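Fold and geometry: a report
Below, each chain spelled out in residue letters.
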Amino acid sequence: MRIDDLTLAVAVEGLKAKEFSSVELTQAVLDTIAEKDGAIHAYLTVDAEGALNQAAVADQARAAGADAPLLGVPLAVKDLINVKGQPCTCASKILQGYVSPYDATVTAKLRTAGAVFCGRTNMDEFAMGSSTEGSAYQVTRNPHDPIRVPGGSSGGSAAAVAGGEAIAALGTDTGGSIRQPASFCGCVGFKPSYGRVSRYGVTAYASSLDQVGPMTKTVRDAAMLMQVLAGHDPHDGTTQRLPVPDYLAAMEGGMKGLKIGLPKEYYVDGADPEVMRLVKAAVERCSAAGAELVEVSLPHTEYAISVYYIIATAEASANLARFDGVRYGHRAADPEGVFDLYARSRAEGFGREVKRRIILGTYVLSSGYYDAYYGRAQKVRTLIRKDFSEAFNQCDLLMTPVAPTPAYKIGEAADDPLKMYLGDIFTVTANLAGLCGFSLPCGNTSGGLPVGVQMLGAPFREEVLFRAAAAFERL
Ligand code: GLN
């Protein structure tokens, strides 16, 4: 069997109806990876033996009459989410050889739901980047054009799903890392509201921004995964004790009657004209299907990149302190004392972009500069949040581009960090404000590259977003 276009929904139905077994399905995923990944490089590690064992257990359970929402479905997982017994390198040399001693909460939930874990997907080192070129191990290629990047930081997950090497995958999104690679590769990516999904066991980048979410072929598949992933976790104090929506039910309802806000600051010159043409056409389709369009304003948009890169690097500098060669990670050989041990372990273990961010983050937190940078950024973050809450008084959701360009060529932006950072302009605001957001495929450029449209919803109003996204997908 082939899994190229196989959706999660169809896989679950096929397993239920015993059209194929989990072992057969898992073997098909492994065969496809063997066939394609030599060209795409989406996976860092493939756990063929472990996956087939889990699949056999799932098949036995089903034969004994058991059922579970994802029983026997193989999934791919970004390499910073712990899966017990599998490597978890965060695409960094500093964690080379590290094997997870425990499951993240999201992993445990998927495992309880019956999922099989087939492999670990590539990413920018510690999720810092937008192209997956920042991996210490390999460059992942865009399945639509191998000379182009898949986006990032969850570029391996996006390329695996869009390239037919995975049925569905998990990513994480701190400033766009689910949505932007979904846009570049042409799959569906959903960033849940901050506090909806547990981060316990997920390597922290910027703790006030990080969220885990699904990367899938359809909105329905995202709903099926969210139903398993969402909810309060006593191990993550930021998860909210709120009822989890019925995501599948939320997909009904249709476009008619929805009020879509178009933030005027997101529709200015500067973005690629083909991207803007496709995004505007997507908005027009929604309007023709009965949605009402309203112009809204997010006046503090121009500060978003600065605020994000101060807060994210500040939090990263604190979170990454644990990788010191003692508690975790690579340890330098023959240290001359404890300072030399820390300094050389970190110098040898971290890549350039991670070091740049630790230095930036340490600087903005240092005494004398804290008020001028970090303190100021927190205040502007509050203003950005207020912009959104005022906008959501006037509409149910926002529609915007995901990224200002389609997938660019490998090497094109890698040497210019600032250029790379500016590409995050449309995505970082959702993280700063705790919003939920989709990237949905909305067409291809004349050169055949996929482009995504972003739908943003108020925190914890995920039902309205699944309704709009499903309606848009049907269009
Ligand atoms: N590109 C952004 C950054 O480099 C977002 C990354 C992410 O969401 N993990 O920080």
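Below or above, wherever it landed, is the structure these notes cover. Nothing here was measured: the structure is a model prediction, and the numbers come from that model. (Residues numbered from 1 in each chain as written. Predicted model: local features only at pLDDT ≥ 70, side-chain atom pairs only at ≥ 80, totals over all residues. Heavy atoms only, no water.)

Section: the side chain of asparagine 82
With respect to the helices, strands and loops of the structure, asparagine 82 is situated in the loop between strand 2 (74-78) and helix 4 (105-112). Taking relative accessible area as the criterion, asparagine 82 reaches 5% and is therefore assigned buried. Asparagine 82 has contacts with Cys88, Tyr98, Ser100, Tyr102, Asp103, Ala104, Thr107 and Gly201, leaving out every residue within four places of it along the chain. (Helix = DSSP H or I, 4+ residues; strand = E, 2+ residues; numbered from the N terminus. Buried < 20%, exposed > 50% of the residue type's maximum accessible area, 1.4 Å probe, protein only. Contact = heavy atoms within 4.5 Å.)

Some words on the pairing of strand 11 (residues 450-457)
With respect to burial, strand 11 is a largely interior element, eight of its eight residues being buried. Residues Pro450, Gly452, Gln454 and Leu456 line one face of strand 11 and the alternating positions Val451, Val453, Met455 and Gly457 line the opposite face, and both faces are buried. In terms of strand pairing, strand 9 (residues 397-401) meets strand 11 through five bridges, oriented antiparallel. For methionine 399, the partnering residue across the bridge sits in strand 11 and is methionine 455. In terms of strand pairing, strand 10 (residues 436-444) meets strand 11 through eight bridges, oriented antiparallel. The residue of strand 11 that forms the bridge with phenylalanine 438 is methionine 455. Between strand 10 and strand 11, which follow one another and run antiparallel, lie five residues, and glycine 448 among them has a positive phi close to 85°. (Pairing = 2+ DSSP bridges.)

Some thoughts on the site of the ligand
In the region of the ligand, 15 residues are neighbours, and Ser130, Gly175, Ser177, Tyr205 and Tyr308 sit closest. The backbone of glycine 129 places a nitrogen or oxygen atom 2.9 Å from an oxygen atom of the ligand. In the model, an oxygen atom of the ligand is placed 2.6 Å from a nitrogen or oxygen of the glycine 175 main chain. Grouping the constituent residues of the shell around the ligand by class yields five nonpolar, seven polar and three charged. (Near = heavy atom within 4 Å. Polar contact = N/O pair within 3.5 Å; in protein donor to acceptor, adjacent residues only side chain to side chain. Nonpolar A, V, L, I, M, F, W, Y, C, P; charged D, E, K, R; others polar.)

Focus: the packing of helix 10 (residues 304-319) against helix 12 (residues 352-365)
How two helices sit against one another is set out by the angle between their axes and by the gap between those axes. Relative to each other, helix 10 and helix 12 sit at 100°, their axes nearing to 7 Å. By the angle class used here, helix 10 and helix 12 are roughly perpendicular. Across from Tyr309, Ile310, Thr313, Ala314 and Ser317 in helix 10, the residues of helix 12 making contact are Arg357, Ile358, Leu360, Gly361, Thr362, Val364 and Leu365. Grouping the amino acids of the contact of helix 10 with helix 12 by side-chain chemistry returns seven nonpolar, four polar and one charged. (Axes fitted to C-alpha atoms, helices over the stretch in contact; angles between N-to-C directions. Parallel < 35°, antiparallel > 145°, perpendicular 65-115°, else oblique.)

Considering a nonpolar patch on the surface
A contiguous nonpolar surface patch, about 420 Å² in accessible area, is contributed by Val326, Val338, Phe339 and Tyr342. Here valine 338 is to be found in helix 11 (residues 338-349). Its relative accessible area of 54% is what places valine 338 among the exposed residues. (Patch = residues over 30% accessible without salt bridge, like charges linked within 9 Å, V, L, I, M, F, W, Y side chains within 5 Å. Areas by Shrake-Rupley, 256 points an atom, 1.4 Å probe, with all protein chains shown as cover. Salt bridge = Lys/Arg side-chain N within 4 Å of Asp/Glu carboxyl O.)

Observations regarding helix 2 (residues 22-40)
Of all the bends in helix 2, the largest measures some 40° and sits at alanine 34. For helix 2, the full list of buried residues reads Ser22, Leu25, Thr26, Ala28, Val29, Leu30, Thr32, Ile33, Lys36, Asp37 and Ile40. At the exit of helix 2 stands histidine 41, carrying a positive phi of roughly 60°. (Bend = angle between axes of the 7 residues up to and from the residue.)

Notes on the pattern of salt bridges
Within this structure, the stated rule accounts for 17 salt bridges. Among the salt bridges present, the one from aspartate 4 reaches arginine 2, with a minimum N-O distance of 3.0 Å. Residue arginine 2 is classed as partly exposed on the basis of its relative accessible area, which comes to 46%. The residue arginine 199 makes a salt bridge to aspartate 236 at a minimum N-O spacing of 2.8 Å. Of this pair, arginine 199 sits in the loop between strand 5 (188-191) and strand 6 (211-216) while aspartate 236 sits in the loop between helix 7 (219-229) and helix 8 (247-250), placing them 37 residues apart in sequence. Aspartate 236 sits in the buried class, given a relative accessible area of 7%. Overlapping salt bridges, with partners in common, bring together Arg2, Asp4, Glu35 and Lys36 in one network.

A short note on the sheet that holds strand 10
The eleven strands lie next to each other as 1-3-2-4-6-5-10-11-9-7-8, forming an open sheet whose pairing is mixed. Each edge of the sheet is formed by a strand with only one pairing partner; in this case those strands are strand 1 (43-46) and strand 8 (292-296). Neighbouring strand axes in the sheet, compared pairwise and without regard to direction, differ in orientation by 30° on average. In terms of strand pairing, strand 2 meets strand 3 (residues 116-121) through five bridges, oriented parallel. By the bridge assignment for strand 3, leucine 75 is matched with phenylalanine 117. Contacts from helix 7 reach strand 2, strand 4 (169-173), strand 5, strand 6 and strand 10 within the one sheet, and its direction differs from that of strand 6 by about 145°.

Section: the side chain of arginine 148
Mapped onto the elements, arginine 148 comes out in the loop between strand 3 and helix 5 (155-162). When neighbours within four sequence positions are excluded, arginine 148 is seen to be in contact with Thr140, Arg141, Asn142, Ala407, Tyr408, Lys409, Ile410 and Leu449.

Considering empty space enclosed by the protein
In this approach, a probe sized like a water molecule rolls over the atoms, and the result shows the empty space that is left. For the structure on display, the rule yields two cavities of 30 Å³ or more. Each pocket or cavity is described by its volume, and for the largest cavity that value is around 100 Å³. Taken together, 14 residues line the largest cavity, and the ones lying closest to its centre are Gly129, Ser130, Ser177, Tyr308 and Asp424. Of the residues in the lining of the largest cavity, the class split is four nonpolar, eight polar and two charged. Taken as a whole, the second largest cavity holds about 30 Å³ of empty space. What lines the second largest cavity is simply Tyr266, Leu298, His300, Thr301, Ile384, Asp387, Phe388 and Thr429. Counting residues per element, the lining of the second largest cavity draws most heavily on helix 13 (residues 371-391), which supplies three residues. (1 Å grid on protein atoms, 1.4 Å probe; cavity = no way out; pocket = protein on both sides within 12 Å on 5 of 7 lines; lining within 4 Å. Points joined across faces, edges and corners; volume = space filled by probe spheres on them.)

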